[in-house]
Each structure stands twice: as structure tokens, then as C-alpha cells.
Amino acid sequence: MRVILDTDVLLGALISPHGPTDVIYRAWRAARFELVTSKPQLDELRRVSRYPKLKTLLPAHRIGTMLNNMQLAIVLEVLPALPENLEANDPNDTFLLAMALAGEADYLVTGDRRAGLLQRGSIGRARIVTPTTFALAILNR
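Notes on the structure follow. Quick caveat: nothing in here was measured; it's all calculated off a predicted structure. (Residues numbered from 1 in each chain as written. Predicted model: local features only at pLDDT ≥ 70, side-chain atom pairs only at ≥ 80, totals over all residues. Heavy atoms only, no water.)

## Focus: helix α1 (residues 7–15)
Moving on, step 1. With respect to burial, α1 is a largely interior element, 7 of its 9 residues being buried.
Moving on, step 2. Among all positions in α1, only Thr 7, Val 9, Leu 10, Leu 11, Gly 12, Ala 13 and Leu 14 are buried. (Buried < 20%, exposed > 50% of the residue type's maximum accessible area, 1.4 Å probe, protein only. Helix = DSSP H or I, 4+ residues; strand = E, 2+ residues; numbered from the N terminus.)

## Remarks on the pairing of strand β6 (residues 126–129)
Moving on, step 1. Examined bridge by bridge, strand β4 (residues 107–109) and β6 share 3 bridges and lie parallel to one another. Following the sheet pairing, Val 109 is matched in β6 by Val 129.
Moving on, step 2. As judged from the 2 bridges shared by strand β5 (residues 122–123) and β6, these two strands associate in the antiparallel manner. The residue of β6 that forms the bridge with Ile 123 is Ala 126.
Moving on, step 3. Between β5 and β6, which pair antiparallel and follow one another directly, the connecting turn spans 2 residues, one of which, Gly 124, has a positive phi of 55 degrees. (Pairing = 2+ DSSP bridges.)

## Structural notes on the packing of α1 against helix α5 (residues 60–70)
Moving on, step 1. Contact pair α1 / α5: the axes reach a minimum separation of 11 Å and the direction vectors enclose 130 degrees. In terms of axis orientation, α1 runs oblique to α5. In terms of crossing hand, the pair formed by α1 and α5 is right-handed. Counting all contacts with α1, which are made through Leu 10, Leu 11, Ala 13 and Leu 14, the residues of α5 involved are Arg 62, Ile 63, Met 66 and Met 70.
Moving on, step 2. In terms of residue class, the contact of α1 with α5 is made up of 7 nonpolar, no polar and 1 charged. (Axes fitted to C-alpha atoms, helices over the stretch in contact; angles between N-to-C directions. Parallel < 35°, antiparallel > 145°, perpendicular 65-115°, else oblique. Left-handed = near helix turned anticlockwise from the far one by under 90°. Contact = heavy atoms within 4.5 Å. Nonpolar A, V, L, I, M, F, W, Y, C, P; charged D, E, K, R; others polar.)

So this is what it looks like as C-alpha cells:
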């Protein structure tokens with residue numbers, strides 16, 4: 001099973017130990033699913049982790065460890081443009097939709113309820129779900 005974790009899910013795993021995002025991250029580290037990421041997402045994770053608000057919550061070494069771990073994932077070097085009939089409500093999420101298609105993902109997991117990804121429900125073969133929904137699915141496998 002191939003899964004894309006939105007950057008908010010990855011950061012949530014570091015901020016909230018024992019919550020749904022942490023359960024998901026630990027499940028990936030235990031090889032319960034294949035993580036699909038991309039150069040744009042790794043760049044976003046680096047950039048966002050430098051925000052002053054997050055720097056107080058997350059020591060640089062924890063972000064560094066996560067980034068190193070993510071090199072073991074399926075890393076898409078280049079993302080194709082989305083088909084003309086597809087667009088993201090939030091342009092900052094375009095790369096997630098492109099990753100879902102290019103990475104042939106089964107799930108895209110996001111906690112961002114405002115950006116419209118969850119309302120979309122799916123893209124390609126990927127179901128778009130919340131961290132809680134996906135964590136329960138992983139625990140029940």
C-alpha cells in the first residue's frame with residue numbers, strides 16, 4: 001500500500017507523540033506501508049520547520065532525523081503537471097495531488113480541513129482521508 005502524508009501530518013507526528021499522526025509515522029517506520037514523498041515536499045518540510053512558531057516546538061535534530069528517514073521512502077524527483085481538468089483549491093497543495101497521481105498512491109492523508117483536499121475525497125486511485133481515519137485503518141489491518 002502506497003501512502004502520501006501531507007506535511008502537516010509529518011509535523012504532527014513530531015509535535016504530538018502518541019496521537020494519530022505519530023501512530024501513522026511509526027507504522028511507516030515499521031514497514032506497514034510504503035511512504036511516497038517528493039523533492040518539493042522535502043523542501044517544504046525543511047522550509048516550514050524553520051518557522052519561528054515551530055522552531056520552539058521542534059528541535060532541529062528531530063526534523064533532521066525525519067528528513068533522513070524519509071530518504072528511505074519512495075522519493076519522486078520530478079512531479080508532472082496536473083491534468084487540465086484537475087486543480088487544487090489551495091495552490092500550495094498542487095504538489096500533493098501530483099504526488100498521488102505520479103506515485104500511484106492508495107491514500108493521501110491530510111489534517112487540513114480548510115484547503116479542500118478532504119472534501120475532494122479522492123484523486124486517481126487514492127482515497128483522501130484524515131489522520132484518525134488512516135490510523136484506525138492501519139491498526140485494524
